[in-house]
Amino acid sequence: MKLERKQYWIACLFLLPALAIFGLFFYYPFLQSVYYSFTQWNGLKAPVFIGLDNYKYIFSDQQMLDGMKNTLKMVAFGLVVQNPLALLLALLLNRKFRTRAFLRTSFYLPIIISLVVTSIIWGELLKYDGFFNGILKPIIGESHIQDWLGTVYTSFPTIILLTQWQGIGYCALIYLAGLQSIPTDIYEAADIEGAKGFALFRHITLPMLMPSVTIVLFLTVVGALKLFDLPYLLTNGGPGTSSYTLFLAVYNAAFKAQNYGYATAAGILLAIFIIIVTIVQLGITRKREVEL
Amino acid sequence: MGLNKRPSILLEIVLILVALSFLFPVFFLVESSFKEPRYFFKPFALPHSFYLDYYKKALHDMDFFRGLWNTVLVMVGALALAIMVASMAGYVLSRRTERLFRYAYLFFLSGMVIPTVGSLIPLFTLAVKLHLMNTRILLVLIYTAGFIPFASFLYAAFTKAIPRELEESASLDGCGPLRLFFRIIFPLLLPATGTFIVTNVYGIWNDFLTPLIFLNQPEKMTLMPQIVQFMFNKQSVNYGPVFAVSVLAVLPLVVLFAFTQKYMLRGLTAGAVKG
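Residues numbered from 1 in each chain as written. Chains lettered and ligands numbered in written order. Predicted model: local features only at pLDDT ≥ 70, side-chain atom pairs only at ≥ 80, totals over all residues. Heavy atoms only, no water.

As recorded by an unreviewed UniProt entry, chain B carries the name ABC transporter permease subunit and is attributed to Paenibacillus sacheonensis. Its UniProt record gives chain B the following Sequence similarities (unreviewed entry) comment, quoted word for word: "Belongs to the binding-protein-dependent transport system permease family." (UniProt positions renumbered as here; feature names shortened; annotations may be inferred.)

In the nomenclature of an unreviewed UniProt entry, chain A corresponds to ABC transporter permease subunit from the organism Paenibacillus sacheonensis.

Draft legend 1. Quick peek at the overall build of chain A. Counting secondary structure elements, chain A contains 13 helices and two strands. Its C-alpha radius of gyration of 24 Å places chain A more than 25% over the 19 Å reference for a compact globule of 292 residues. When its C-alpha atoms are laid out on the principal axes, chain A stretches across 85 × 75 × 30 Å. The buried share of chain A, reckoned over its 292 residues, is 54%. For chain A, the exposed area adds up to about 13,600 Å²; of that, 67% sits on carbon and sulfur atoms. (Helix = DSSP H or I, 4+ residues; strand = E, 2+ residues; numbered from the N terminus. Rg over C-alpha atoms; globule rule 2.2 N^0.38 Å. Buried < 20%, exposed > 50% of the residue type's maximum accessible area, 1.4 Å probe, protein only. Areas by Shrake-Rupley, 256 points an atom, 1.4 Å probe, with all protein chains shown as cover.)

Draft legend 2. A look at the UniProt feature "transmembrane region" (unreviewed entry) in chain B. Residues and elements named next belong to chain B. UniProt records the feature "transmembrane region" (unreviewed entry) at residues 9–30, 72–93, 105–125, 137–159, 180–205 and 239–259, using the numbering of this structure. With 62% helix and 0% strand, the stretch residues 105–125 has end C-alpha atoms that lie 28 Å from each other. Strand forms 0% of residues 239–259 and helix 95%; the C-alpha atoms that close the span are 31 Å apart.

Draft legend 3. View of the interface of chain B and chain A. Tallying the contact residues gives 95 residues for chain B and 87 residues for chain A. Here chain B packs against chain A, burying approximately 8,700 Å² in sum over the two surfaces, 81% of which is carbon and sulfur. R98 of chain A is the partner of E12 of chain B in a salt bridge, and the nearest nitrogen-oxygen pair spans 2.9 Å. Our count for the chain B to chain A interface comes out at five residue pairs in polar contact (both at pLDDT 80 or more). A breakdown of the residues in the side of chain B that touches chain A according to their chemical character gives 75 nonpolar, 14 polar and six charged. (Contact = heavy atoms within 4.5 Å. Buried area = accessible area lost by both parts, 1.4 Å probe. Salt bridge = Lys/Arg side-chain N within 4 Å of Asp/Glu carboxyl O. Polar contact = N/O pair within 3.5 Å; in protein donor to acceptor, adjacent residues only side chain to side chain. Nonpolar A, V, L, I, M, F, W, Y, C, P; charged D, E, K, R; others polar.)

Draft legend 4. Highlighting helix α3 (residues 62–93) of chain A. Residues and elements named next belong to chain A. Along its 32 residues, α3 runs 43 Å from first to last C-alpha, staying within 8% of the 46 Å computed at 1.5 Å per residue. At G78, α3 shows its largest bend, some 40°. The opening residue of α3 is D61, an N-cap whose side-chain oxygen sits 3.0 Å from the backbone nitrogen of Q63. (Expected span 1.5 Å × (residues − 1). Bend = angle between axes of the 7 residues up to and from the residue.)

Draft legend 5. Up close: the UniProt feature "transmembrane region" (unreviewed entry) in chain A. Sequence positions flagged by UniProt for "transmembrane region" (unreviewed entry) are, in local numbering, residues 7–28, 74–93, 105–123, 204–225, 232–254 and 260–284 of chain A. Along residues 232–254 of chain A the backbone is 52% helical and 0% strand, and the end-to-end C-alpha distance reaches 14 Å.

Draft legend 6. Broad picture of the domain arrangement of chain A. Residues and elements named next belong to chain A. Considered domain by domain, chain A is made up of domain 1 (1–50) and domain 2 (62–287). On a C-alpha basis, the centroid separation for the pair domain 1 and domain 2 is 33 Å. Across the contact, nine residues belong to domain 1 and eight residues belong to domain 2. Buried surface at the junction of domain 1 and domain 2, both sides included, amounts to about 630 Å², of which 69% is carbon and sulfur. Contact with domain 2 buries area across many residues of domain 1, yet S37, W41 and N42 alone supply 55% of it, more than any other trio. Run the count over domain 1 and domain 2 and you get zero salt bridges. Joining domain 1 to domain 2, the criterion identifies three residue pairs in polar contact (both at pLDDT 80 or more). Of all the elements, helix α1 (residues 2–36) adds the most residues to the side of domain 1 that touches domain 2, at four residues. By residue class, the composition of the side of domain 1 that touches domain 2 is four nonpolar, five polar and no charged. (Domains from an automatic or database assignment.)

Draft legend 7. Representation of the pattern of salt bridges within the structure. Residue and element names in this part refer to chain A. Using the criterion set out here, one finds eleven salt bridges over all chains in the structure. Between D53 and K56 there is a salt bridge, with the nearest N and O atoms lying 3.9 Å from each other. Of the two residues, D53 and K56 both sit in helix α2 (residues 53–58), three residues apart, roughly one turn of that helix. With a shortest N-O distance of 3.2 Å, E124 and K127 are connected by a salt bridge. Overall, the relative accessible area of 5% leaves E124 in the buried class.

Draft legend 8. Up close: the layout of surface pockets. Taken as a whole, the second largest pocket encloses approximately 630 Å³ of empty space. Lining of the second largest pocket is provided by 19 residues; of these, Q7 of chain A together with Y91, R96, E167 and S171 of chain B occupy positions nearest its centre. Those elements giving two or more residues to the lining of the second largest pocket turn out to be α1 of chain A together with α3 (64–95), α7 (164–172) and α8 (177–188) of chain B. At six residues, α1 of chain A tops the list of elements feeding residues into the lining of the second largest pocket. For the lining of the second largest pocket, a count of residues per class yields ten nonpolar, three polar and six charged. (1 Å grid on protein atoms, 1.4 Å probe; cavity = no way out; pocket = protein on both sides within 12 Å on 5 of 7 lines; lining within 4 Å. Points joined across faces, edges and corners; volume = space filled by probe spheres on them.)

Draft legend 9. The packing of helix α8 (residues 184–193) of chain A against helix α9 (residues 197–208) of chain A, seen in detail. All names here are of chain A. Running from N to C, α8 and α9 cross one another at 165°; their axes reach a closest spacing of 11 Å. Overall, the two elements α8 and α9 adopt an arrangement that is roughly antiparallel. For the crossing formed where α8 meets α9, the hand is right-handed. On the side of α8, the interface is formed by I186, Y187 and A190, while α9 contributes L200, I204, T205 and M208. Of the residues assigned to the contact of α8 with α9, the class counts are six nonpolar, one polar and no charged. (Axes fitted to C-alpha atoms, helices over the stretch in contact; angles between N-to-C directions. Parallel < 35°, antiparallel > 145°, perpendicular 65-115°, else oblique. Left-handed = near helix turned anticlockwise from the far one by under 90°.)

Draft legend 10. Spatial organisation of the nonpolar core. Formed by 189 residues in total, the largest nonpolar core has its most connected members in F25 of chain A together with F108 and F214 of chain B. Residue contributions to this core reach at least three from each of two domains, namely domain 1 (1–50) and domain 2 (62–287) of chain A. For F214 of chain B, the contacting residues outside a window of four places in its chain are L120, L123, F124, M133, N134, L138, L139 and I142 of chain B. (Core = buried A, V, L, I, M, F, W, Y, C linked by side-chain atoms within 4.5 Å.)

Next up, the structure:
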């Protein structure tokens with residue numbers, strides 16, 4: 001009995017360091033940010049409680065509104081375009097191509113390139129007189145060439161497309177991991193039953209792949225909501241506020257305008273957003289998951 | 001799906017073309033960094049000779065090796081600390097069933113959903129209060145805190161596969177709990193450790209935002225913000241040196257990637273195991 005107690009306390013001690021670091025550097029700041037979001041605070045004077053004013057102001061702030069709109073566009077694009085493409089790519093990369101190793105490596109390589117370097121490369125490629133327009137000119141004509149990152153209509157769509165350079169390969173990698181964990185004898189059994197092509201995909205591959213779908217959807221949404229480096233480095237949200245993301249707007253409110261209370265409110269809004277999306281999405285995909 | 005049939009050659013050619021277009025930006029980066037200024041903006045004109053001036057200039061104008069040292073320091077520190085505390089936590093989370101441990105599990109789980117944007121400012125003031133502002137230790141602690149949920153679950157999942165009898169016989173032999181863990185359990189959790197490292201090296205190495213906010217002395221700066229600083233100082237001038245520095249910063253990751261690509265795939269499968 002005494003030994004039992006002792007072991008319990010030792011287990012507690014094992015848990016303590018992780019709990020302490022996580023609590024102090026993750027949870028405590030988060031809980032504080034909930035409080036600060038109801039205050040006016042510039043970091044110098046004491047915070048003044050102002051109720052919901054910060055939250056109300058968000059909806060009349062052009063940076064935040066455009067940031068929200070763009071962030072939603074990015075989420076939608078990730079779910080509707082990026083995911084199906086990544087799944088298709090994973091299915092292809094899972095087949096026995098002669099050049100399979102080369103193909104896989106080419107799609108994974110961009111994943112490890114940092115967004116800083118990505119923006120340096122693509123910033124050059126996409127300049128008005130850069131490589132990309134050099135290729136496009138004979139195809140779409142000189143009059144349609146533009147500074148893709150420099151106009152109100154094209155800057156954010158261009159950034160969305162740039163995220164795909166890494167996004168597709170990353171999601172395909174996770175799908176591929178999922179595909180490889182599906183036991184092959186299921187396919188053999190289905191083959192004997194006479195199932196073919198799309199039916200095989202629809203009734204075996206997709207249901208078995210649902211855990212990966214859950215992970216990929218979650219990562220796509222979180223990735224979209226955290227989009228910061230590319231717009232910060234390539235357009236700084238411009239021209240005007242056309243390529244702001246919510247994260248960039250929060251960053252500017254905090255570290256440019258020193259409007260801490262307001263920035264935390266927007267951060268909390270972003271958090272609520274992520275949590276809602278996660279719950280809804282888990283609700284949808286978990287139901288379809290097959291327990292192995 | 002005709003799993004065992006070889007797919008058509010036409011499909012393969014299309015895929016190869018798409019793959020080459022994905023590789024092109026990387027090729028462009030490396031190629032341009034070796035190109036004389038007058039050819040710099042002509043991507044299809046291959047460099048005539050290895051033009052190394054950009055590298056000389058970059059290493060002269062920017063303290064690259066300091067940035068590299070800082071990045072490695074922060075990365076190794078954060079991975080080591082996270083591995084130590086998360087393996088211990090994951091181990092007891094999987095072995096104990098008392099209420100405290102179930103709550104701790106939920107506590108960590110909620111951390112996977114809560115995004116860190118809003119917390120940046122309180123974290124900033126916390127760092128000032130603790131006199132950790134502008135230190136690399138702060139980065140290590142912030143990264144570790146962020147890793148703890150995922151890493152603990154990973155270790156918990158791997159602990160399940162270790163038979164309890166092992167611990168029982170060891171403790172009968174008079175082995176103390178700390179020694180038992182680090183001598184017997186921890187080595188058995190090595191696959192989890194490998195998975196954790198392989199999947200998280202890139203995130204720290206490439207992080208731009210965290211050092212941007214929490215470090216402001218050049219001599220402590222990590223590579224990514226250092227490169228951005230270097231780029232902003234060079235505006236309107238030739239981008240060659242910026243490309244050269246980018247190649248140097250990407251190179252260690254490419255080498256690592258070449259050796260661990262297989263494990264990355266495996267790591268992601270393991271990460272998908274429900275804890």
